[in-house]
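These are the residues of each chain, in order.
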Amino acid sequence: MTDLTDGVLHTLFHSEQGGHEQVVLCQDRASGLKAVIALHSTALGPALGGTRFYPYASEEAAVTDALNLSRGMSYKNAMAGLDHGGGKAVIIGDPEQIKTEELLLAYGRCVASLGGRYVTACDVGTYVADMDVVARECRWTTGRSPENGGAGDSSVLTAYGVFQGMRASAQHRWGDPTLRGRKVGVAGVGKVGHHLVEHLLSDGAEVVITDVREESVRRIISRHPGVAVAADTAALIRTEGLDVYAPCALGGALDDDTVPVLTASVVCGAANNQLAHPGVEKDLSDRSILYAPDYVVNAGGVIQVADELHGFDFDRCKAKASKIFDTTLAIFARAKEDGIPPAAAADRIAEQRISEARGR
C-alpha cells in the first residue's frame, strides 16, 4: 500500500498529469466494493464523468486510470461547452463476477457523500440499469433509463459525435465531409462502436472491424455481411488501403508500436485517452497522420447526460452534438495557425476556458 500511496502522491503533486482537486478511495467490505473517484476540476461546475467497472491488474492501475480519465473529462466538458468540470470513477473488479445490487447501492452512497461535487454516469462495464440502481442512493446520477427520469443509452450520441468529428477530418484531409468510398477500420464494436459502424455504412464507407468479443463481431456481421473482419487490432492497423482508423475500445491505442505501422492517414475514434503518452501526437504529425482529439469527438455522450440534469430533450442534444463537426474543424485550423499538433491545439483551447472560469 505504501507504493500505491507514493505513486498517487507523486502523480497528484508532482507530475504534469496531476493537479486534481480531490481523489476519494471508497470501500464497502460487505458488498465487495472498491472504487476510486477522482475530481480533476470543478472550475466550470460540478465534475461530470462516468463510472468504469473493470478488472484492473492492480489498485495502482485503477487509480492511475481514474486520474487520467478525470483529467480528460475536464478537457472534454470544456470543449463541449458544458458548465461542468471533469471527474471519473472506477470500480475495481470484473463486473460479470462481482457486480450486485448491494455493491451498486454502496457505490451510490459514496458518490452521494460528495454532496454534488461529482455527477456520475455510465462507462465501460456499467449500463443504464446500473445507474438506475445507483440513483436510488444518489440523486447526482445520470444515464438512467427513461422510465426513471433519465435519457437512456448515451452511446447513441457518442457515436454520432464521433461520426461528426470523422466528417470534419475528411473535410480537412480530403476536402469533402463524407466517408463515402473511404476504408474505415473500427477497433471495438461494443456500445459505441456498433452505432458508429451504422453511420459509416449509411454514409457509403467500406468498413473493417475487430473486437476481442466474438459476440460483438457476430452482431455486426449478422446485419451487414459485407463488413470485413480483421483478426485483431494489430492486423487492423496494418490493413492495406485503410483511410481512417477509429479506436473505440480502451485507451492507449496509439503508442510507439502502433503509430509507425499505421496505414491510415486519419485517426478518429471513440476511445478515451488514445495517446499512450505525451509525444505520440508529434509522432502522428511527423507521419502526416491527422489526429482528431478523442475527448473532442467523443463528447456526444457527455452532452446527453449533462442535458439529463435539466430535463432531457434528444433533439436539443443531437443539435449540440452536431457542433462537434465545427469544433473539430476549428481545432485543425488552430493547430495549423500555431504550428502544433491538433491534440495540443485542443488542449490550449480547453485550458483557456477553464482558466477563464477560475478567474471569474
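Analysis parameters
Residues numbered from 1 in each chain as written. Predicted model: local features only at pLDDT ≥ 70, side-chain atom pairs only at ≥ 80, totals over all residues. Heavy atoms only, no water. Helix = DSSP H or I, 4+ residues; strand = E, 2+ residues; numbered from the N terminus. Rg over C-alpha atoms; globule rule 2.2 N^0.38 Å. Buried < 20%, exposed > 50% of the residue type's maximum accessible area, 1.4 Å probe, protein only. Contact = heavy atoms within 4.5 Å. Areas by Shrake-Rupley, 256 points an atom, 1.4 Å probe, with all protein chains shown as cover. Lys, Arg positive; Asp, Glu negative; His and termini not counted. Charge placed at Lys NZ, Arg CZ, Asp CG, Glu CD.

Student: Where do I start with the overall build of the protein chain in this structure?
Tutor: On a plain count of helices and strands, the protein chain comes out with 15 helices and 12 strands. On C-alpha atoms alone, the protein chain measures out to a radius of gyration of 19 Å, which is about the 21 Å that the 2.2 N^0.38 rule sets for 360 residues. Overall size of the protein chain, expressed as C-alpha extent along the three principal axes, is 55 × 50 × 45 Å. In the protein chain, buried positions account for 54% of the 360 residues. Sequence-distant contacts in the protein chain: of pairs separated by 6 or more residues, those separated by 24 or more amount to 66%. In the structure as shown, the protein chain presents an accessible area of about 15,400 Å², 48% of it carried by carbon and sulfur atoms. Taking the average place of the 35 positive charges on the side chains of the protein chain and the average place of its 46 negative ones, the gap between the two points comes to 4 Å.

Student: Got a minute to help me understand the environment of Leu-9 in this structure?
Tutor: Here Leu-9 shows up in helix α1 (residues 2–13). Given a relative accessible area of 38%, Leu-9 falls into the partly exposed group. For the pair formed by Leu-9 and Asp-203, sequence separation is 194 residues and the distance between their alpha carbons is 48 Å.

Coordinates in, geometry out; function isn't part of it.
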